[in-house]
Amino acid sequence: MPHLTSAGTARRTGGAEQLGLGVPGYAHPLLAPTEWAELTRPGTHLHWAVLNIDTGPGARPDPHCLEAAGRLRNARERALDGETGQDTVRAGGGRLLGHLDLTHGDRPFDELITEAQSFLDWYLVDGFYLDRCPADRADLPAVRRLTGTLATLLEDGLLVLGHGTHPYPGYAETADQLVTFSGAWTDYRWSQVAEWTAAYPPERFAHFVHGVPRTHLDEAMRIARWQGAATIFFTDRTVRRGGGGQTDPFAALPGYWDEIVSRIGPGISE
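The model shown is predicted, which means the values in this text are computed figures rather than measured ones. (Residues numbered from 1 in each chain as written. Predicted model: local features only at pLDDT ≥ 70, side-chain atom pairs only at ≥ 80, totals over all residues. Heavy atoms only, no water.)

## Digging into empty space enclosed by the protein
So, point 1. Summed over all chains, the structure comprises one cavity of 30 Å³ or more.
So, point 2. If you add up the space inside the largest cavity, you get close to 30 Å³.
So, point 3. Lining the largest cavity, in full, are Ala69, Leu72, Arg73, Gly94, Leu96, Leu124 and Asp126.
So, point 4. If one sorts the elements of the lining of the largest cavity by residue count, helix H2 (residues 63-80) sits on top with three residues.
So, point 5. Residue classes in the lining of the largest cavity are distributed as four nonpolar, one polar and two charged. (1 Å grid on protein atoms, 1.4 Å probe; cavity = no way out; pocket = protein on both sides within 12 Å on 5 of 7 lines; lining within 4 Å. Points joined across faces, edges and corners; volume = space filled by probe spheres on them. Helix = DSSP H or I, 4+ residues; strand = E, 2+ residues; numbered from the N terminus. Nonpolar A, V, L, I, M, F, W, Y, C, P; charged D, E, K, R; others polar.)

## A short note on the layout of surface pockets
So, point 1. Each pocket or cavity is described by its volume, and for the largest pocket that value is around 550 Å³.
So, point 2. Forming the boundary of the largest pocket are 27 residues, of which Pro24, Gly25, Asp131, Asp248 and Phe250 lie nearest the centre.
So, point 3. When contributions to the lining of the largest pocket are tallied by element, the ones reaching two or more residues are strand E4 (127-131), strand E6 (177-184) and strand E7 (205-210).
So, point 4. The dominant element in the lining of the largest pocket, judged by the number of residues it contributes, is E6, at three residues.
So, point 5. The class makeup of the residues in the lining of the largest pocket is 11 nonpolar, 13 polar and three charged.

Given below as structure tokens:
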């Protein structure tokens, strides 16, 4: 069951909050083998990573995705067994999430549940990432119905709502974590957090930012901590328009991957 946390004492981090990585979805393992291999490296503070075969689980099990999922699952099990030292972040996280595209509330309920079951049957996922999740109050009952049903399919799973913006506050009680920012660095550096988020701990929120220059990496981390987000994915890659090739800035490793992994290690503070 998801760990639905009730609102508590309002707080903001003072700069020493432990950050971890949430990977919104690398390219297919056949196209991005290095990216998927890096997720299993000991010491990588991975909270979770999203598996997206074809805007969902695909029509049948994919052998390359089965292999990638198995490696990630084995890395978490080794951390849980203490075989990789004090990799406490991976032991507490390191989860693989199946990608469910809600298309802002337009997907049929039964279709989403069928896809969720396929992810569980084929890839043994640890939870679900609900991409393009609606954020308005009117859509909350439908999302609550969906997350409630998904929770019954999971024994001890994780549900993340990919709003990409601050939703109506009631969504905070429907899942384990909300993505409250997904966008460009030029917007993120001047962004403001919604006041209601201060009633929840940082582990309830995630921020994804593209186009972050290496020279502004420290500043981006300060913003995440100040705004109360414990899960991040920052990259120097930007959205590409036309010309072919990969257009999703989150589909590949950032150029400063080693640096960001080391900077969010234990005991790091601003």
